[in-house]
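Below, each chain spelled out in residue letters.
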There are 2 protein chains.
Amino acid sequence: MAEDQHEKDGRADEWRDVRTDTDRLSELFWSVARQLRHSSREALAPWDIAPSHSRALAVLMHHQALRLSELSDHLHIAPRSTTDVVDGLQERGLIDRMPDPHDRRAMLVSLTDEGHRVGTAIRAARDADAERFFGLLSEDDRADLARILQTLRR
Amino acid sequence: MAEDQHEKDGRADEWRDVRTDTDRLSELFWSVARQLRHSSREALAPWDIAPSHSRALAVLMHHQALRLSELSDHLHIAPRSTTDVVDGLQERGLIDRMPDPHDRRAMLVSLTDEGHRVGTAIRAARDADAERFFGLLSEDDRADLARILQTLRR
DNA sequence: CCTCATAGTGAGCTTGCCTCACTACTATTC
DNA sequence: GAATAGTAGTGAGGCAAGCTCACTATGAGG
């Protein structure tokens, strides 16, 4: 992987002059995204949990009970997809489904004790991973990066 | 989508104090990645071409002929997956497959005239999109971002 | 009461990858 | 110069993570 990356850089020399600097930024950005994705996949490995499940778990960590549709909103995925995610977490005993007492159409999703335990451990692992990844940067660079990303987001 | 983003920001206030700054950077990074992905998906829309196809096309734009396995390496995907990508591009008439004269096991993949035309147009669209996306930043910020991403990559 | 809207889910599709096993071929070794 | 070992591509089939469409059960407003 790393070798390919270097080879790619080498080849880029041939045509660097015809590329805009913003185009180069895209490429760099995705390259870093890949690194970050691999890094956090490793961080999650000990729990053998899918990224989509970990994301849902993270959302549920700071809501004692959410409707399935609310969870969808937080995850930015379709309600039908959330059903599957919730199925998976329930199979693993990490969450409970219960009917909403105020609306018998709706389902409330909440963490089990085990879900809370695993969620906490995963959050710690993710924090540590982020620290390992972005810790390479100086304090100033991290501040700059945060500011710049803030600008790009919207 | 944009609304969800804002709502998420709002909720984040509740617990910002318990998060490390590097964790915040991860979140920001992925948020921007999402924007960038959506933006480039839109940029590609006029050609109705899948991202995986566009990536392969981009690689082929600066090699007159590649073995399928070499294309795999450039794309960082398994050879079997490359077969499918190449199938797709061939169906659309954007590339030609021909047996390697030096090794009858191997296949050489190269752009057709149409493939070259479409590849060029897509590159222009992607450049324009990158410019639109990163153009929000000052010259200095772009330089800083490039430098910082460079540091993070590897 | 009747109509319309909403919450969740079954069925089935799509994208973009993967592994495993196989065929056709090349390279090596005895 | 045959046997063996390795390599290039691909068929078969799988998986993750999303999607839409259509349906049921329920709620809400006239």
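So, here's what we can say about the structure. Only a predicted model underlies this, so the values are computations on that prediction, with no experimental measurement involved. (Residues numbered from 1 in each chain as written. Chains lettered and ligands numbered in written order. Predicted model: local features only at pLDDT ≥ 70, side-chain atom pairs only at ≥ 80, totals over all residues. Heavy atoms only, no water.)

Here the focus is the environment of R55 of chain B. Residue and element names in this part refer to chain B. One can find R55 in helix 3 (residues 51-60). You can call R55 partly exposed: its relative accessible area is 47%. On a C-alpha basis, the gap between R55 and L75 in space is 7.4 Å, while along the polypeptide they are 20 residues apart. (Helix = DSSP H or I, 4+ residues; strand = E, 2+ residues; numbered from the N terminus. Buried < 20%, exposed > 50% of the residue type's maximum accessible area, 1.4 Å probe, protein only.)

Moving on, we get to the protein's contact with DNA strand C. In the vicinity of DNA strand C lie 21 residues, with R80 and R105 of chain A together with R55, A78 and S81 of chain B positioned nearest. Near the protein, within 4 Å, the atoms of DNA strand C are sugar or phosphate in 66% of cases. Within the backbone of L68 of chain A, a nitrogen or oxygen atom sits 3.1 Å from a phosphate oxygen of DNA strand C. The side chain of T83 of chain A places a nitrogen or oxygen atom 3.0 Å from a phosphate oxygen of DNA strand C. Looking at the surface near DNA strand C, its residues break down into 8 nonpolar, 4 polar and 9 charged. (Near = heavy atom within 4 Å. Polar contact = N/O pair within 3.5 Å; in protein donor to acceptor, adjacent residues only side chain to side chain. Nonpolar A, V, L, I, M, F, W, Y, C, P; charged D, E, K, R; others polar.)

The next subject is the sheet that holds strand 3 (residues 103-111) of chain B. All names here are of chain B. Taken in spatial order, the 3 strands line up as 1-3-2 in an open sheet, and their pairing is antiparallel. Only two strands of the sheet have a single partner each, and these edge strands are strand 1 (66-67) and strand 2 (95-100). For strand 2 and strand 3, the ladder comprises 6 bridges, and the chain directions are antiparallel. Pairing of I95 across the sheet is with L111, part of strand 3. (Pairing = 2+ DSSP bridges.)

Scanning the model with the defined rule gives 25 salt bridges over all chains in all. A salt bridge links R80 of chain A to D84 of chain A; the shortest N-O distance between them is 3.1 Å. On the criterion of helical spacing, the pair formed by R80 of chain A and D84 of chain A is a turn pair, its members being 4 residues apart in helix 5 (residues 79-91). Residue R80 of chain A is classed as exposed on the basis of its relative accessible area, which comes to 55%. Residue D84 of chain A is classed as partly exposed on the basis of its relative accessible area, which comes to 45%. In this structure, the salt-bridge partner of R67 of chain B is D103 of chain B, at a minimum N-O distance of 3.7 Å. Residue R67 of chain B is found in strand 1, and its partner D103 of chain B is found in strand 3; the two are separated by 36 residues along the sequence. Judged by relative accessible area, which is 27%, R67 of chain B ranks as partly exposed. What makes D103 of chain B buried here is its relative accessible area of 14%. (Salt bridge = Lys/Arg side-chain N within 4 Å of Asp/Glu carboxyl O.)

Let us now look at the interface of chain B and chain A. Contact with chain B, which involves 52 residues of that partner, is made by 49 residues of chain A. Of the roughly 5,400 Å² buried between chain B and chain A, counting both surfaces, carbon and sulfur atoms make up 65%. Contact with chain A buries area across many residues of chain B, yet H76, L152 and R153 of chain B alone supply 14% of it, more than any other trio. Summed over the shared surface of chain B and chain A, the result is 3 salt bridges. Across the pair R147 of chain A and D141 of chain B runs a salt bridge whose closest N-O atoms are separated by 3.1 Å. Between the two partners, chain B and chain A, sit 2 residue pairs in polar contact (both at pLDDT 80 or more). Counting residues per element, the ones that place at least two in the side of chain B that touches chain A are helix 1 (2-12), helix 2 (21-44), helix 4 (68-75), helix 6 (113-134) and helix 7 (139-152) of chain B. In terms of residue count, helix 2 of chain B provides more of the side of chain B that touches chain A than any other element does, 17 residues in total. Considering only residue class, the side of chain B that touches chain A consists of 19 nonpolar, 12 polar and 21 charged. (Contact = heavy atoms within 4.5 Å. Buried area = accessible area lost by both parts, 1.4 Å probe.)

Taken as rigid bodies, chain B and chain A are interconverted by a rotation of 180 degrees and an axial shift of 0.0 Å, the fit giving an RMSD of 0.1 Å. Considering both components of the superposition, the chain copies are consistent with a two-fold axis. Judged by C-alpha distance, L145 of chain B is the residue of chain B that lies nearest the rotation axis, at 3.4 Å. Most of the interface of chain B is mirrored in chain A, where 92% of its interface residues are also at the interface. (Least-squares fit on C-alpha atoms with pLDDT ≥ 70 in both.)

Here we take up the protein's contact with DNA strand D. In the vicinity of DNA strand D there are 21 residues, among which A78 and S81 of chain A together with S69, R80 and R105 of chain B approach most closely. Sugar and phosphate atoms form 65% of the subset of DNA strand D atoms that lie within 4 Å of the protein. R80 of chain B places a side-chain nitrogen or oxygen 2.6 Å from a base nitrogen of DNA strand D.

Scanning the entire structure with this criterion turns up 5 aromatic pairs over all chains. Seen in terms of ring centroids, F29 of chain A and F29 of chain B are 4.5 Å apart; in terms of plane orientation they differ by 5 degrees. Their pairing is stacked. One end of the pair, F29 of chain A, is in helix 2 (residues 21-44); the other, F29 of chain B, is in helix 2, on a second chain. For the pair F29 of chain A and F29 of chain B, one class covers both residues: buried. Residues F133 of chain B and F134 of chain B carry aromatic rings whose centres are separated by 5.1 Å and whose planes lie at 75 degrees to one another, so their mutual orientation is edge-to-face. In this structure F133 of chain B comes out as buried when scored by relative accessible area, which is 9%. Linked through ring pairs, F29 and W30 of chain A together with F29 and W30 of chain B together constitute an aromatic cluster. (Phe/Tyr/Trp six-rings, centres within 6.5 Å; stacked < 30°, edge-to-face > 60°.)

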